[in-house]
Amino acid sequence: MAKIFNTTAVCVPEEHYMVNLESRLEEIKQLIDDGKYFTVNRARQYGKTTTLMALCRYLQDEYRVVYIDFQIFGSADFSTEYEFASSFANVFCEAFGLNGDVRGSALSQALDALGTDGSSGRF
């Protein structure tokens, strides 16, 4: 199958024409190796998601990479800090292949030990 120009979603190198990200990925990896923070900040359709997906593949041999898309969270997941922390923990556990709801688990107990209050959402 011939490559095409993609302007609507994440670019897949085997399917779409795209710029070579190798030098950009090397620069980001150096920041990560040095323990530095970085941001990816551009307007729509500049390749932010494509770059992050490529970074996940680029780092997977040396790092345990977890990719979480916050668009999967509903408004109820943001209703309180406790709900967000619980929802985030569930998604994080699922990313590592750990099944089950964290509420009532050791992770939930750890959240409680940090002073969480599920009813008020306060930490």
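For the structure, see preceding data.
Residue indices begin from 1 for each chain and proceed along its sequence in written order. Note on the predicted model: pLDDT of at least 70 is required for a residue's local features to be given, and 80 or more for side-chain atom pairs to be given and counted; whole-chain, interface and lining totals, by contrast, use all residues. Calculated side-chain values reflect all of the structure's heavy atoms, with hydrogen atoms and water omitted.

S.K.: I keep staring at the overall build of the protein and nothing clicks. Help me out?
M.R.: Numbering goes from the N terminus for both helices and strands, where a helix is a DSSP run of H or I of at least four residues and a strand is a run of E of at least two. Counting secondary structure elements, the protein contains 4 helices and 0 strands. Listed by position from the N terminus, the elements making up the protein come as α-α-α-α. Using a 1.4 Å probe on the protein chains alone, a residue whose accessible area is under 20% of its type maximum counts as buried, one over 50% counts as exposed, and one in between counts as partly exposed. The burial tally for the protein puts 24% of its 123 residues in the buried class. By the convention used here, residues are in contact when the closest approach between their heavy atoms is within 4.5 Å. Pairs at least 24 residues apart make up 43% of the contacts formed inside the protein by residues separated by at least 6 positions. Where accessible areas are quoted, they stem from the Shrake-Rupley method and a 1.4 Å probe; at the residue level, only the protein chains shown are allowed to cover. Put simply, the protein shows about 9,200 Å² of open surface, and 52% of that area lies on carbon and sulfur atoms.

S.K.: When you look at unusual backbone geometry in this model, what are you seeing that I'm missing?
M.R.: With the exception of glycine, the majority of residues adopt a negative phi angle, and the majority of peptide bonds are in the trans configuration. The phi angle at Gln 45 is positive, at roughly 65°, despite the residue not being glycine. Checked against the element boundaries, Gln 45 lands in the loop between helix 1 (22–33) and helix 2 (48–59). By relative accessible area, which is 53% here, Gln 45 ends up exposed.

S.K.: Any chance you could explain the nonpolar core here in plain terms?
M.R.: What tends to happen in soluble globular proteins is that the nonpolar side chains get buried as a cluster. Core analysis: the largest hydrophobic core is formed by 6 residues, namely Leu 21, Leu 25, Ile 28, Ala 54, Leu 55 and Leu 59. Listed by contribution, the elements that provide at least two residues to this core are helix 1 and helix 2. With residues up to four places along the chain from it excluded, the contact list for Leu 25 reads Thr 51, Ala 54, Leu 55 and Tyr 58. Buried Ala, Val, Leu, Ile, Met, Phe, Trp, Tyr and Cys residues form a nonpolar core when they are joined through side-chain atoms within 4.5 Å.

S.K.: Is there a simple way to explain the side chain of Asp 77 in this structure?
M.R.: Relative to the helices and strands, Asp 77 resides in the loop between helix 2 and helix 3 (81–95). In this structure the side chain of Asp 77 is engaged in a polar contact, spanning 2.7 Å, whose partner is the side chain of Ser 87. We define a polar contact as two N or O atoms separated by no more than 3.5 Å, with the added condition that, inside protein, one atom must be a possible hydrogen donor and the other a possible acceptor, whereas residues neighbouring each other in sequence contribute only through side-chain atom pairs.

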